[in-house]
Amino acid sequence: MEDSAKSHDNLQSAGGGGVVDKQFLTAPVKSAVDKFQLLPEFLKVRGLVKQHLESFNYFIRTEIKKIVRANNVVKSRYDPNVYIRYTDVWVGRPSEVVDGVTDTLTPQKCRLGDKTYAAPIFVNIEYCNGSDSRTMMKKEVVIGRMPIMLRSLSCVLHGKDEDELAKLGECPLDPGGYFVVKGNEKVILIQEQLSKNRIIIDSDKKGCVQASVMSSTAMTKSKTIIRMEKEKIYLILNAFTSKVPIMVVLKAMGMETDQEVVQMLGRDPQYASLLLPSIEDCATFGVYTQHQALDFLEKKRKKSMSRFGKDEGALGVLRDIFIPNIPVRENNFHLKCVYVVVMVRRMMDAILNEDAMDDKDYVGNKRLELSGQLLALLFEDLFKSMNDTIKMAVDKILSKASRSSRFDISQHILKDNITNGLERSLSTGNWDVSRFKMHRKGITQIVTRLSFIGAFGSMTKISPQFEKSRKVSGPRALQPSQWGMLCPCDTPEGEACGLVKNLALMTHVTTDEEEGPIISLCYCLGVEDLSLLSGEELHSPDSFLVILNGLILGKHRRPQLFANGMRKLRRAGKVGDFVSIYVHEKQRCVYIASDGGRVCRPLVIADKGVSRIKHHHMKELKDGVRNFDSFLRDGLLEYLDVNEENNALIALYEGEATSETTHIEIEPFTILGACAGLIPYPHHNQSPRNTYQCAMGKQAMGNIAHNQLTRMDTLIYLLVYPQRPLLTTRTIELVGYDKLGAGQNATVAVMSYSGYDIEDAIVMNKSSLDRGFGRCIVMKKMSAVYQKYDHVSDQIVSPRKSQHDPEKIQILDNDGLASPGEIIRHQDIYLQKDCPVDPKTKSHPSQAQYRTSRQTYKGAEGEPAVVDRVALCSDKKQNLIVKFMIRHTRRPEVGDKFSSRHGQKGVCGTIIQQEDFPFSERGICPDLIMNPHGFPSRMTVGKMIELLGSKAGVSCGKFHYGSAFGEPSGHADKVEDISETLVKHGFCYNGKDFLYSGITGTPLQAYIFMGPIYYQKLKHMVLDKMHARGMGPRQLITRQPTEGRSRNGGLRVGEMERDCLIAYGTSNLIYERLMISSDPFEVQVCRKCGLLGYINHQTKSRMCSACKNGDNISAMKLPYACKLLFQELQSMNIVPRLQLDDSG
Amino acid sequence: MEGASYQRFPKVKIRELKDDYAKFELRETDASMANALRRVMIAEVPTIAIDLVEIEVNSSVLNDEFIAHRLGLIPLTSERAMSMRFSRDCDACDGDGQCEFCSVEFHLRAKCIGDQTLDVTSKDLYSSDHTVVPVDFSDSGAGYENPEDQRGITIVKLRKGQELRLRAIARKGIGKDHAKWSPAATVTFMYEPEIHINEEMMETLSLEEKTSVVESSPTKVFALNPQTHQVEVVDPEAYTYDDEVLKKVEAMGKPGLIEVYAKEDSFIFTVESTGAVKASQLVINAIEVLKQKLDAVRLLEDTVEADDQFGELGAHMRGG
């Protein structure tokens, strides 16, 4: 309190410009400008899933046109006059055609009706059917249907306000960014990759240093590696059968003299000496001229590389497959030579100095592939395939000499290929694009609708490039460059730990940007063109190379000036906001990046440590005169990507800025993502606890969405009385968790009680449960189809009253369907229909024979549920589908799982009457009791502060805040302030209360730490898990009990349990468990031959089939599995014989 | 059962009495007695609450169970409860709880016709028995300036076209079975604190020290007399046994300056009722129930049936 008062005084004296005293000058300036307001503005324009939307919009607006333009002509092989030319392409509004009528689709319609939310792709075509006919035009030809991302520009929800969204049945808080495919919500996960077209220096398994480039152009994708092996430098390229000496490659590209190479590499003799073995090597092969080199390479070339139609030999390989991102114009290989030499030089740098090695885990070397890019790949492939099929069909017709019907090429456009291809990939998640050698699985995921925050989690999830089984620590570790871009807390536990990441709150992922204007700007700013430079000049000590998206543009003598100039242009809006300029002092390069997939975030620009954002700017924002974009336009804010951050000195707070500071953070809590943002005071917790909560927050029950009661998901968990947390954070308000909460504020007493609270179990108050604490609704979907066959179909029939089990069908309506509102019990029939006995019958439906088919409800016994809704819809084949939502309201019971927001999960250990619960003299009685042993080892101090803050919150009637790192900026209440509030309302400052035992009425020995904590009920409930059986189903082949709860399986005495029993010597128990209770079987064994015989039931005699008599047969008991084993062995020519002894 | 008689004659002094609030002192008894009274008030004083709901039409946003649960929690005036029968041992009906001795029927019919949302509240419940009605809070003057605003406890909100029609049966029950039958919102007691200030030692303190002692207590227990500059106990019951003053005094190096004792035989009760029973009646009913229970114990003292009811305790009582 004193501190804040002092700083307040300081502020006043600063404003008044009073006498300057030393103490004031040295005192930290209170964050002069509250920049928090920028965050909601950012989220308004960018949104939490803006990266997905932006990427998809870019695909729909730009990329799709580029793809079609690049493949715009389909020409017949036989007659060049027969062709289709696509002149334009665009994606329409989401709609479907039913019975010839076009109807607009809404996402909710698609979810309920198991449809795909897709829009037609239109093209304008120009075509000609042969030399004798004229060119014709057709407009708005549909070539397929594109699934539409919700809330994108093409979506019907775009730009709609809350009322309109509500009318469309949509939740206004839903972020969008996913697709609806066959009624399922699918999100394309963000894919993490190493950046393309960049030189990466690392070492291979043997420790050889190598420079590699993953090239990716519109035409080809290839990987080029230059490796130093046994002091010699080789090129490794897929198009060559083995590694090739680099000098040969350079010679083949026209650098015939060794001097030229050495000159280009740099004057420094270190480089020349490293290159010497390679030069000598080249000489031993007798390769001196370009021609010889090409001949040499030709021998090593893999044949059958004729994908481009014509085979152009080794030179063609060097031009098109070897680092194809460097363009070769008119066989001028100069640029490529320079690039190779730069690669070699950087590799040598790494050999000379270990530090120059690139870090693959560095976020700046990574690119995130978003839905737009992934869909573009798929679409390109499907579009090309469609063109190929058109071509093939046309060629087939044209190749026939005589054609009967009139030929029209425009009739051959098939729209199903693209539609089905896109739909299939989205619904299976398999991206099989053979054209790009891409076979990836698990690209899409169903949006988790367990909780509202879980849906957000799906949208920000980044799926890794590596397979999860790799036991490496590097990629899993927290990278410093991740700061502010990727959430440091939100990662799963277990095998995917650290590999699967999540975006932070303010991260933006870039999309591709036009390079042309940037190149010309660079030249205008004094970049010396590479093609005009000699090799010697390239690495002259006074200049830096300028590299745009991996392409060397040239060099600049004053890199800092150049970079500043470029940045000024960016801030003025002359180049894109997301272009990054990065001066790499060590590599003596200026990197400019405008490619897509880089992560970046907004920062406040500071001039010599003084923030450009002033009070009046924020006031303008408040008044609505400004928005986030105008901050960008006016050069107050800018986006920095990970690389450019290296050139910036970013102060956390304005007060901490020094004269070197170039940027100031907007708010420190934005380094966390949406899931971690729910945790109050996360900066007081042990870090893994926050990670645990991130995973658990997604399993918490609560409100899913505003339209939760109209949704027909397979499983919905809802809380009956969800609450808004008493201790909130700014993130909670930003994402809307305060409107769709997933938990309740429980009064928690931290004490030991009853012994049923060991191992994190919690003791619950029965009266609280009676009043609705933790009460939840579980809704399950069941569906049934009325199948249509060729001539007959399943029939809706009225259930006959005179059936043998009338009580089971009493919830059925006249149509044979359970009616909403009816109570449904285990084994009740909820649907009864007539199925044709022979579906292939050709008789008239009224004459066909039918049999009754029923569907019974399998729920927990003694737990009646209610039919909530019955929905009818039709599927693609126009079959009638009936969906039932079965609702079950549950109150917490012993064994249900609960958790606070601090990774402290626990099951309900016991439920105790309120009168037995401890009470305070104010009459406060806790809702649940938590054991204090949960604290010391977990170190979740944040939970304690949450308790204090909530307690103060309820007593003073205002929500307290606990945003991460929020104390200095006022987004988190300090413990001192909270304590003061508590004292003001008559509580002890430390949150402890004087309690009386409810059992004896005497005071408890200690003061009890008690107050409200936000508790989440997790989806794991005993009712869904508990299982036991006596007699039950058995497996068919082994006759052993089945496995698993869903099959009502037995409980297995496993090998470890067996070992215990053996050690204990309880042989009869083992005998009983392993045979009597499992699969006993009586066999007839021949004492003579030891094989199994049989009983002939007709003659009532026992026979051994091997001995052909029944003389020596004995009966014995055996596990059936053992008998099966004998027979299986016999079938593979192994004879197991039983030797019988008299039992003593 | 021989030995000294522990019989005592507790005294009750009523401090404050309102319809739904009572504060009284209970003296000359011990904690077990006070706690028994508290426990009975919470869990064993019978009230009437809706227990069975038959829903005819429900097109509201809340589902049937949800509404049934909410209905159950509405407090009903239960003056009759003590004389009513539990439906499980009602002999006028065959235990299905449909007779006037053990049940009260309620009807609710609400439909929203206008454009404004309609709040369906406890006032829309029509009772078949005028003595058992939803508790009316409007006359308690609980902060509602305009009685028109106060429409009872909201059950559900209906929008245009939605309808709710149901029949509900209220029964007698006790809080032990379900919290809805608990007549007590808050029942709590505290030991009466006895605060001694060592005046002699206090005189040695400076004015500043005195104020710091006064301020060390989070609740207003002490005050500094502006005239005499003496520390006085103004409200001993505000003391929450937080020990803050004692710690302060200890820290000042003056242990024994202030001493607090809890009077072991004197309790201050605070009772807040849900409105089902008047707070005063709640206490009386609780004593009645307690007496009945004790009678039952006494009667069964040496019968074998005691084993059924009291388990091991029964054997104890028989001297086992």
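This text follows the structure it describes.
All values reported here derive from a predicted model rather than from experimental measurement.

Student: Before we move on, can you summarise the overall build of chain A with the specific residues and values?
Tutor: What chain A contains, in helices and strands, is 30 helices and 54 strands. C-alpha atoms of chain A, sized along the principal axes, occupy 100 × 100 × 75 Å. Relative to its full complement of 1144 residues, chain A shows a buried share of 53%. Pairs at least 24 apart in sequence give 69% of the contacts found in chain A among residues at least 6 apart. Surface summary for chain A: the accessible area is close to 52300 Å², and the carbon and sulfur share equals 52%. Once the 151 positive and 132 negative side-chain charges of chain A are each reduced to a mean point, those two points are 5 Å apart.

Student: Can you break down the environment of Tyr737(A) residue by residue, with the values?
Tutor: Residues and elements named next belong to chain A. As for its placement among the helices and strands, tyrosine 737 is situated in the loop between helix 23 (730-735) and strand 34 (744-750). Along the primary structure tyrosine 737 and proline 725 are separated by 12 residues, whereas in three dimensions their C-alpha atoms are 8.9 Å apart. The contacts of tyrosine 737, once residues within four sequence positions are left out, are Phe452, Ile453, Leu678, Pro725, Ile732, Ala742, Tyr1014 and Gln1016.

Student: So what about the pattern of salt bridges? Which residues, and what values?
Tutor: Using the criterion set out here, one finds 75 salt bridges over all chains in the structure. For the salt bridge of Glu620(A) with Arg626(A), the shortest nitrogen-to-oxygen distance reads 2.6 Å. A relative accessible area of 25% places Glu620(A) in the partly exposed class. With a closest N to O distance of 2.7 Å, Glu163(B) and Arg165(B) form a salt bridge. On the accessibility criterion, Glu163(B) (17% relative accessible area) is buried. According to the relative accessible area criterion, Arg165(B) is partly exposed, its value standing at 23%. Several salt bridges share partner residues, and in doing so they unite Arg111(A), Glu170(A), Asp174(A), Glu185(A), Arg449(A), Arg711(A) and Asp713(A) into one network.

Student: How would you summarise empty space enclosed by the protein if you had to cite specific residues and measurements?
Tutor: To find the voids left in a structure, one rolls a probe of water-molecule size over its atoms. Residue and element names in this part refer to chain A. This model, assessed by the stated rule, comprises nine cavities of 30 Å³ or more. Its volume calculated, the largest cavity comes out at about 100 Å³. In terms of lining residues, the largest cavity is bounded by 15 residues, among which Glu192, Val363, Lys366, Leu486 and Lys501 are the most central. Across the lining of the largest cavity, the residue classes break down as six nonpolar, four polar and five charged.

Student: Go over the side chain of Thr510(A) with me, naming the residues and quoting the values.
Tutor: All names here are of chain A. Note on placement: threonine 510 falls in the loop between strand 21 (508-509) and helix 16 (516-524). Within the local environment of threonine 510, its side chain forms a polar contact with the backbone oxygen of aspartate 595, the two atoms lying 3.0 Å apart. When sequence neighbours within four positions are dropped, the list of residues in contact with threonine 510 reads Phe578, Asp595, Gly596, Gly597, Arg598 and Cys600.

Student: Kindly report on the packing of helix 9 (residues 269-284) of chain A against helix 12 (residues 334-352) of chain A, identifying the contributing residues and their values.
Tutor: Helix-helix packing: each pair is described by the crossing angle between the helix axes and the interaxial distance. Residues and elements named next belong to chain A. Across the interface, helix 9 lies against helix 12 with an axial gap of 11 Å and an inter-helix angle of 100°. Classed by the angle they form, the pair helix 9 and helix 12 counts as roughly perpendicular. Residues Gln270, Tyr271, Leu274 and Leu275 of helix 9 form the contact with helix 12, whose participating residues are Arg345, Met348, Asp349, Ile351 and Leu352. For the contact of helix 9 with helix 12, the per-class residue count stands at six nonpolar, one polar and two charged.

What counts, and where the lines are drawn
Residues numbered from 1 in each chain as written. Chains lettered and ligands numbered in written order. Predicted model: local features only at pLDDT ≥ 70, side-chain atom pairs only at ≥ 80, totals over all residues. Heavy atoms only, no water. Helix = DSSP H or I, 4+ residues; strand = E, 2+ residues; numbered from the N terminus. Buried < 20%, exposed > 50% of the residue type's maximum accessible area, 1.4 Å probe, protein only. Contact = heavy atoms within 4.5 Å. Areas by Shrake-Rupley, 256 points an atom, 1.4 Å probe, with all protein chains shown as cover. Lys, Arg positive; Asp, Glu negative; His and termini not counted. Charge placed at Lys NZ, Arg CZ, Asp CG, Glu CD. Salt bridge = Lys/Arg side-chain N within 4 Å of Asp/Glu carboxyl O. 1 Å grid on protein atoms, 1.4 Å probe; cavity = no way out; pocket = protein on both sides within 12 Å on 5 of 7 lines; lining within 4 Å. Points joined across faces, edges and corners; volume = space filled by probe spheres on them. Nonpolar A, V, L, I, M, F, W, Y, C, P; charged D, E, K, R; others polar. Polar contact = N/O pair within 3.5 Å; in protein donor to acceptor, adjacent residues only side chain to side chain. Axes fitted to C-alpha atoms, helices over the stretch in contact; angles between N-to-C directions. Parallel < 35°, antiparallel > 145°, perpendicular 65-115°, else oblique.

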